[in-house]
Amino acid sequence: MAKIPLIIDCDPGHDDAIALMLAASASDVFDLRAVTTVGGAQSVDKTFYNARRVLTVIGLDVPVARGAAQPMVRKALSGTEIVHGESGLDGPRLPEPDLTPCNLTAFELLCKVLEEAEEPVTICPTGPMTNIGILLAVRPDLKKKIKEFSIMGGGFYMGNWTAAAEFNILADPEAAKIMFDSGIPIIMSGLDVTHKAYVTREENEVIRANGNRCSVLAAELIDYFSRYHYEVEHLPGCTLHDPCAVAYLLKPEIFTGKLCHVDIDVNGQYTLGKTIVDWFDHTHKEKNVLVLHDVDRPAFVELLTTQLAKLR
Amino acid sequence: MRKIPIIMDCDPGHDDALAMLWALSEPEKLEIKAVTIVAGNQTLEKTTRNALRVLTFAGVHNIPVAMGADHPLMRPSIFEEGVTEMVHGQSGLDGPAMPEPGFAPKKMSALQLLIKTIEESEEKITLVPTGPLTNIAALFLVRPDLKEKIERISLMGGGAYTGNWTPAAEYNIYVDPEAASIVFNSGVPIVMAGLDVTHQAYITREENEILRQKGGRIAVFAAELIDFFSRYHYEVEKLPGCTIHDACAVAYLCHPEIFVEKQCHVDIELEGSLTAGTTVCDPGNYEGKEKNATVLYGVDREKFAELFIEAMSKLDK
């Protein structure tokens, strides 16, 4: 089977880092052509740096580009250090980046990869959608070169930054709206599914016991990241939001989804950044999003554990 | 257990009617002090007539009924002839044959009846609104001092995970979001039976046949209400049974143990062009605001169905 041409657009971020590892571990499935970074979990300078540090550990010399520092219209959200720490990737020790430098901006790199692609490319955004919003707004001609978006963002049963909104969408609702309105198919790994995609302390020890460098790094990322989940969010484990967007592409059969119309709220007093999922098809609008709402959790953890073992 | 004195504020409506019957069936737990009516499932004239017909059919003539708001507090009414017909029919209570009302509503308004009932009560009153919240908001605007005589509000409305009129908003809240905002911000404890729980509180076709076969006139009447009401649930909403939304607000007062609840802050969205009327629930407490509502997130469905059937058949004894 032909490999899936893939771009990951991210803001590492602990769960972005694990998503990158999961994508890199499946080189038989993915042709990872670029990694673009965006401000979100931390400033774009930090997420750009973090992405390259993680890829250096993985040993994958893929072009990485720095993207938008600010949301398209609004001011950036603050307060993310409570989740990801000052560096955006606190916890494990990481080496300095050692990749072939890429002199393109995220916008330029996205355009280049799409222009050069012979078949449509899958894009996996796991941070705020700013780079994607800019791409689609400025170069709508490239839409036809995008097969689909498998995103981490949103959620219909609750938010995680405000009551109604999930962080990645709230961080740049206008960009998200451009993407959701683009007509390009979207697979949405929102909180509905990601809150079910958690790793318990015991399971994290199994990952650590793989013993290879990347598994140990993933376990250490989970050690740090899970503190927020246990202490602030009172969740039953470390919630691996972003890896869901990659895992779906790798093993869709472990996920359950429903095709729905989804709108993004951009002017609500309390609902700004909400993904409005038309679960019951009240509006009869085009069903533009496969909304994932469940995952076979043991299979997800098994996939992660075995894939991480394949890395360095 | 002491009886809970309640005022039912409703817009019957099939599920309002079933909620009212359920409340009547548990006289050892609930005492209906008054019924106030609001426009919602149908026009005010029709919802009033329906309430009177249901009470008459149940042989109850001594509960005061009064007519309330025929339009929302601030917004133009979304209510146009026909818009809710697909759910509740032309009468607002299509399906079973019913007698004409055996008594008339009080000459006073719903607002006056609410005030009088609350003022005269020695105990705190529990409000059970199962329609748009216009009457209750009017009460709090006019007589905020009476809030302290209200034990709590057990309402049907809203939903955290979905809407049923727009993708984000449930009908009762969507009709009059400002009224809902006044009620949710009133400081009076609120139990919210929204779509999260009411979509789980359904009666299957098989269960409705069990109800019908109880054979009494109320049981058969309830089964016929469900026959009509469930068509919308099966055909339009594709739900697995007849969703008895409003009955949850009553059932919670009688049988709180069968429900799963969570204390949350709830805001009512007023401005979003796609989200007006959304009950914005914060079960994760991300905003750290005061927890003003007990949101019902689940119910033991089989127990609910069993209790519902038992309640309907009890009235025939």
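Residues numbered from 1 in each chain as written. Chains lettered and ligands numbered in written order. Predicted model: local features only at pLDDT ≥ 70, side-chain atom pairs only at ≥ 80, totals over all residues.

Caption draft 1: Layout of the overall build of chain B. Regarding its fold elements, chain B presents 12 helices and 11 strands. For 317 residues, the compact-globule estimate of 2.2 N^0.38 gives 20 Å, and the C-alpha radius of gyration of chain B, at 18 Å, lies within 12% of that figure. The principal-axis extent of the C-alpha atoms belonging to chain B is close to 50 × 45 × 40 Å. For chain B, with 317 residues in total, the buried portion stands at 56%. Long-range pairs, those at least 24 residues apart, make up 84% of the contacts in chain B between residues at least 6 apart in sequence. (Helix = DSSP H or I, 4+ residues; strand = E, 2+ residues; numbered from the N terminus. Rg over C-alpha atoms; globule rule 2.2 N^0.38 Å. Buried ≥ 20, exposed ≤ 12 C-beta atoms within 10 Å, placed from the backbone. Contact = placed C-beta atoms within 7 Å.)

Caption draft 2: Spatial organisation of unusual backbone geometry. Geometrically, the link from Pro-12 of chain A to Gly-13 of chain A is a cis peptide bond, its omega value of -5° lying close to zero. Going from Pro-12 of chain B to Gly-13 of chain B, the amide bond is cis rather than trans, its omega being -10°. Structurally, Gly-13 of chain B is set in the loop between strand S1 (4-10) and helix H1 (14-24). With a phi close to 55°, His-234 of chain A is a non-glycine residue in the positive phi region. Residue position: His-234 of chain A is located in the loop between helix H10 (213-231) and strand S8 (238-239).

Caption draft 3: View of the pairing of strand S10 (residues 279-282) of chain B. Residues and elements named next belong to chain B. Because side chains alternate across S10, one face comprises the buried residues Thr-279 and Cys-281, and the other comprises Val-280 and Asp-282, equally buried. Here 4 bridges tie strand S9 (residues 259-268) to S10, and the two strands are oriented antiparallel to one another. Bridge pairing links Asp-267 to Val-280 in S10. (Pairing = 2+ DSSP bridges.)

Caption draft 4: Summary view of the sheet that holds strand S3 (residues 65-67) of chain B. All names here are of chain B. With mixed pairing, the 9 strands of this open sheet are ordered in space as S3-S2-S1-S4-S5-S6-S11-S9-S10. The open sheet has two edge strands, S3 and S10, and neither has a second partner. Adjacent strand axes in the sheet meet at a mean angle of 30° when their direction is disregarded. Alignment of strand S2 (residues 30-37) against S3, held across 3 bridges, turns out to be parallel. In the strand pairing of S3, Ile-37 is matched with Met-67. Strands S1, S2, S3, strand S4 (125-129) and strand S5 (150-156) of the sheet are contacted by helix H4 (residues 110-120), whose axis makes an angle of about 155° with S2. Across the sheet, helix H7 (residues 177-184) lies against S5, strand S6 (190-193), S9 and strand S11 (293-299), angled at about 115° from S9, the strand it touches most. (Axes fitted to C-alpha atoms, helices over the stretch in contact; angles between N-to-C directions.)

Caption draft 5: Highlighting the sheet that holds strand S1 (residues 4-10) of chain A. All names here are of chain A. Overall, mixed pairing links the 9 strands, which are arranged S3-S2-S1-S4-S5-S6-S11-S9-S10 in an open sheet. Strands with a single pairing partner mark the edges of an open sheet, and in this sheet they are strand S3 (64-66) and strand S10 (275-278). Strand-to-strand twist of the sheet, defined as the mean angle between neighbouring strand axes without regard to direction, takes the value 30°. Inspection of the sheet shows strand S4 (residues 121-125) paired to strand S5 (residues 146-152) by 3 bridges, in the parallel sense. Across the sheet, Thr-122 pairs through a bridge with Glu-148, a residue of S5. Contacts from helix H1 (residues 14-25) reach S1 and strand S2 (30-37), with the element oriented near 165° to S1. Strand contacts of helix H2 (residues 44-58): S1, S2 and S3, with the helix running at about 150° to S2, the strand carrying the most contacts.

Caption draft 6: Summary view of the nonpolar core. Membership of the largest hydrophobic core comes to 211 residues, with the highest contact counts inside it found for Leu-20, Met-21 and Ala-23 of chain A together with Ala-222 of chain B. Each residue touching Ala-23 of chain A, except ones within four places of it in the same chain, is listed here: Leu-6, Ile-8, Phe-30, Leu-32 and Val-246 of chain A. (Core = buried A, V, L, I, M, F, W, Y, C linked by C-beta atoms within 7 Å.)

Caption draft 7: Broad picture of the interface of chain A and chain B. Facing 25 residues of chain A, the contacting portion of chain B comprises 26 residues. Examining the composition of the side of chain A that touches chain B, we find that 3 residues originate from one element, S10 of chain A, more than from any other. Its residues placed into classes, the side of chain A that touches chain B shows 11 nonpolar, 9 polar and 5 charged. (Nonpolar A, V, L, I, M, F, W, Y, C, P; charged D, E, K, R; others polar.)

Caption draft 8: Molecular detail of the environment of Asp-94 of chain B. All names here are of chain B. Along the chain, Asp-94 turns up in the loop between helix H3 (85-88) and H4. Residue Asp-94 is classed as partly exposed on the basis of its C-beta count, with 17 C-beta atoms lying within 10 Å. Along the sequence, Asp-94 and His-255 sit 161 residues apart, while their C-alpha atoms lie 29 Å from each other. In this structure, Asp-94 is in contact with His-88, Gly-89 and Phe-228, ignoring residues within four places of it in sequence.

Caption draft 9: Main features of helix H9 (residues 205-213) of chain B. All names here are of chain B. Buried residues of H9: Glu-207, Asn-208 and Leu-211, and no others. Down the axis of H9, the buried side of the element spans an arc of 100°, and every buried residue falls inside it. Projecting away from the buried face of H9 at angles above 90 degrees are the exposed residues Glu-206, Glu-209 and Gln-213. Buried residues along H9 sit in contact with strand S7 (202-203), helix H10 (217-236), strand S8 (242-243) and helix H12 (301-314). Just past H9, the residue Gly-215 takes up positive phi, approximately 85°. (Arc of directions from axis to C-beta.)

Caption draft 10: A look at the confidence of the model for chain B. The predicted model of chain B has a mean per-residue pLDDT of 95, with 98% of residues at 70 or higher. In the model output, the complex is listed with pTM 0.89 alongside ipTM 0.82. (pLDDT = per-residue confidence, 0-100.)

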